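# Observations on the model geometry
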Amino acid sequence: MAAEIVNSQGELDGGVESAIDPAFALHRGGKMAVRATVPVRDADDLSLAYTPGVAKVCSAIAEQPELVHDYTWKSQVVAVVTDGTAVLGLGDIGPQASLPVMEGKAILFKQFGGVDAVPIALDCTDVDEIVETVVRLAPSFGGVNLEDISAPRCFEIERRLQERLDIPVFHDDQHGTAVVTLAALRNAARLRGVALGELRAVISGAGAAGVAIARILVEAGIGDVAVCDRKGIVSADRTDLTDVKRELAGFTNKAKLSGSLDSAMDGADVFIGVSGGTVPEEAVARMAKDAFVFAMANPTPEIHPDVARKYASVVATGRSDYPNQINNVLAFPGIFAGALQVRASKITEGMKLAAAEALAAVVADELSADCVIPSPFDERVAPAVTSAVAAAARAEGVARR
């Protein structure tokens with residue numbers, strides 16, 4: 001069968017008569033646009049919105065820089081920044097091919113959090129160049145959402161930007177995933193009547209998401225967590241670890257396990273998959289009774305839900321066609337909305353933990369094995385997360401309003 005390609009009309013050419021693919025039809029012309037929030041109907045409007053009226057506002061901001069938050073869009077808009085090196089499950093497809101995803105992220109910010117966002121795809125992959133570019137763009141934005149940047153560069157890029165900027169910098173592939181995972185795990189534990197401190201978790205994947213999930217679980221008080229990469233359990237006795245994994249080994253794996261992912265799963269209470277690949281059913285069967293399986297690889301979970309349900313009391317995936325979807329859209333719109341609301345200088349661990357607790361609480365009265373996390377379309381989510389994050393920012397002293 002001939003490979004299908006897309007022609008200039010957004011149609012699929014497959015050697016036979018083609019129908020327009022609905023995905024291309026939806027994306028034609030892009031998914032977003034800029035609109036004015038004030039009218040420009042006549043000369044008076046023009047003189048206020050632009051010259052000469054705008055000069056008064058510019059002069060005031062020059063004298064009192066903090067006024068930029070009140071008289072421009074700065075405190076209401078986020079830059080969604082990528083270099084196109086780790087886009088969805090597509091990998092390194094470059095900045096231009098990443099734009100449909102970045103546009104999608106921007107409209108999710110607006111739809112689910114009321115936050116304006118601008119997609120920015122950078123034509124560079126060097127860490128220094130990315131950091132310098134974002135620092136120079138930062139005066140126009142109230143926050144920076146890093147997106148689809150490959151590990152381990154993403155860790156350094158985020159850290160350096162957080163050090164240099166006084167606005168929230170948040171790598172959603174790390175922390176958004178971690179917040180939603182923790183929220184779902186909190187509810188799974190409540191459903192089973194156990195504390196987080198009684199659970200031992202195994203994470204498959206030591207990339208951006210795996211490292212952030214491990215970190216937030218430890219912050220939240222998990223009993224123990226072992227993280228596995230392609231070579232097995234990340235442990236202090238390994239000599240092949242990167243700096244990031246060496247740090248990871250320092251605060252995980254209190255049991256000092258070594259060996260393969262399969263061996264780590266023996267007796268484990270929780271499996272969290274953020275790596276792809278396939279976990280043998282035999283390994284799932286050796287987990288603790290009433291275990292939790294969060295197999296989040298898309299489109300193919302590491303453990304198929306039908307297999308997981310044979311052994312686990314709660315099953316979650318990254319897919320929308322199964323219960324308990326671990327979806328970042330549950331976290332990042334509200335987290336940024338809360339941070340922007342109080343003009344936070346950064347997003348702290350406490351703010352992320354507050355977001356996870358608020359997200360878990362949304363479905364507290366509806367808790368069941370198929371409902372440990374709310375739907376992305378639950379209208380209670382964004383207000384709950386926004387309020388919790390704003391309150392945590394004030395409590396931690398990073399709020400400026």
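Whatever comes next refers back to the structure up there.
Residues numbered from 1 in each chain as written. Predicted model: local features only at pLDDT ≥ 70, side-chain atom pairs only at ≥ 80, totals over all residues. Heavy atoms only, no water.

Summing up its helical and strand segments, the protein chain has 16 helices and 12 strands in all. For the C-alpha atoms alone, the extent of the protein chain along its principal axes is close to 75 × 65 × 45 Å. Per-residue burial over the protein chain gives 50% buried out of 401 residues. For the protein chain, the share of sequence-separated contacts (at least 6 apart) that also reach a separation of at least 24 residues comes to 64%. When the accessible surface of the protein chain is split by element, carbon and sulfur atoms take 53% of a total near 19000 Å². Separation of charge centres in the protein chain, based on 37 positive and 53 negative side chains, amounts to 5 Å. (Helix = DSSP H or I, 4+ residues; strand = E, 2+ residues; numbered from the N terminus. Buried < 20%, exposed > 50% of the residue type's maximum accessible area, 1.4 Å probe, protein only. Contact = heavy atoms within 4.5 Å. Areas by Shrake-Rupley, 256 points an atom, 1.4 Å probe, with all protein chains shown as cover. Lys, Arg positive; Asp, Glu negative; His and termini not counted. Charge placed at Lys NZ, Arg CZ, Asp CG, Glu CD.)

Turning to a nonpolar patch on the surface, a few remarks are in order. On the surface, a cluster of nonpolar side chains totalling about 200 Å² of accessible area is made up of Met32, Ile107 and Leu108. Position of Leu108 among the secondary structure elements: in helix H5 (residues 95-113). (Patch = residues over 30% accessible without salt bridge, like charges linked within 9 Å, V, L, I, M, F, W, Y side chains within 5 Å. Salt bridge = Lys/Arg side-chain N within 4 Å of Asp/Glu carboxyl O.)

Any two side chains of opposite charge can pair, given that their charged atoms come close. For the structure on display, the rule yields 29 salt bridges. With a shortest N-O distance of 2.5 Å, Glu357 and Arg190 are connected by a salt bridge. Taken together, the positions of Glu357 in helix H15 (residues 349-362) and Arg190 in helix H8 (residues 172-192) put the pair 167 residues apart, joining distant regions of the chain. Overall, Arg190 belongs to the partly exposed group, its relative accessible area being 41%. Measuring nitrogen to oxygen at the nearest pair gives 2.9 Å for the salt bridge that ties Arg238 to Asp240. For Arg238, a relative accessible area of 17% translates into the label buried. When salt bridges with common partners are traced through the structure, they connect Asp229, Lys231, Arg238, Asp240 and Lys245 into a single cluster.

On to the environment of Cys228, then. Turning to its location among the elements, Cys228 is positioned in strand E8 (residues 224-229). Note on Cys228: relative accessible area 2%, which makes it buried. Residues Cys228 and Ser260 lie 32 residues apart in sequence; the distance between their C-alpha atoms is 7.6 Å. Setting aside residues no more than four positions away along its own chain, Cys228 makes contact with Val202, Ile203, Ser204, Gly205, Ala206, Ile233, Val234, Leu261 and Ala264.

Where helix H6 (residues 127-137) contacts helix H7 (residues 153-164), the axes come no closer than 10 Å and their chain directions differ by 35°. In terms of crossing hand, the pair formed by H6 and H7 is right-handed. Contact residues: H6 offers Val127, Asp128, Ile130, Val131, Glu132, Val134 and Val135, while H7 offers Arg153, Glu156, Ile157, Arg160, Leu161 and Arg164. Split by residue class, the contact of H6 with H7 holds seven nonpolar, no polar and six charged. (Axes fitted to C-alpha atoms, helices over the stretch in contact; angles between N-to-C directions. Left-handed = near helix turned anticlockwise from the far one by under 90°. Nonpolar A, V, L, I, M, F, W, Y, C, P; charged D, E, K, R; others polar.)

On to the side chain of Thr386. For Thr386, the position within the fold is in helix H16 (residues 381-395). Residues contacting Thr386, with those up to four places away along its chain left out, are Gly334, Ala337, Gly338 and Gln341.

If you check which residues of helix H10 (residues 243-251) are buried, you get Val244, Leu248 and Ala249. The arc that holds every buried residue of H10, seen down its axis, measures 140°, which confines them to one face. Across from the buried face of H10, at angles greater than 90 degrees, the exposed residues are Asp243 and Gly250. Of the surrounding elements, those touching the buried residues of H10 are H7, helix H9 (208-220) and E8. Count one or two residues on from H10 and you reach Asn253, which has phi positive near 55°. (Arc of directions from axis to C-beta.)

Time to look at the sheet that holds strand E12 (residues 312-317). Sheets are built from strands paired through backbone hydrogen bonds, the pairs being either parallel or antiparallel. If you walk across this open sheet you meet the six strands as E9-E8-E7-E10-E11-E12, and the pairing is mixed. One side of each edge strand has no neighbouring strand; the edge strands of this open sheet are strand E9 (232-233) and E12. Relative to strand E11 (residues 291-295), strand E10 (residues 270-273) runs parallel, the two being bridged by four bridges. Bridged to Phe271 within E11 is Val293. Its contacts with the sheet place H8 against E10, E11 and E12, and it is angled at close to 160° to E11. (Pairing = 2+ DSSP bridges.)

Tracing the sequence through the fold places Val274 in the loop between E10 and helix H12 (281-285). The exposure class of Val274 is partly exposed, given its relative accessible area of 26%. In this structure, the C-alpha to C-alpha distance between Val274 and Thr37, residues 237 residues apart in sequence, is 41 Å.

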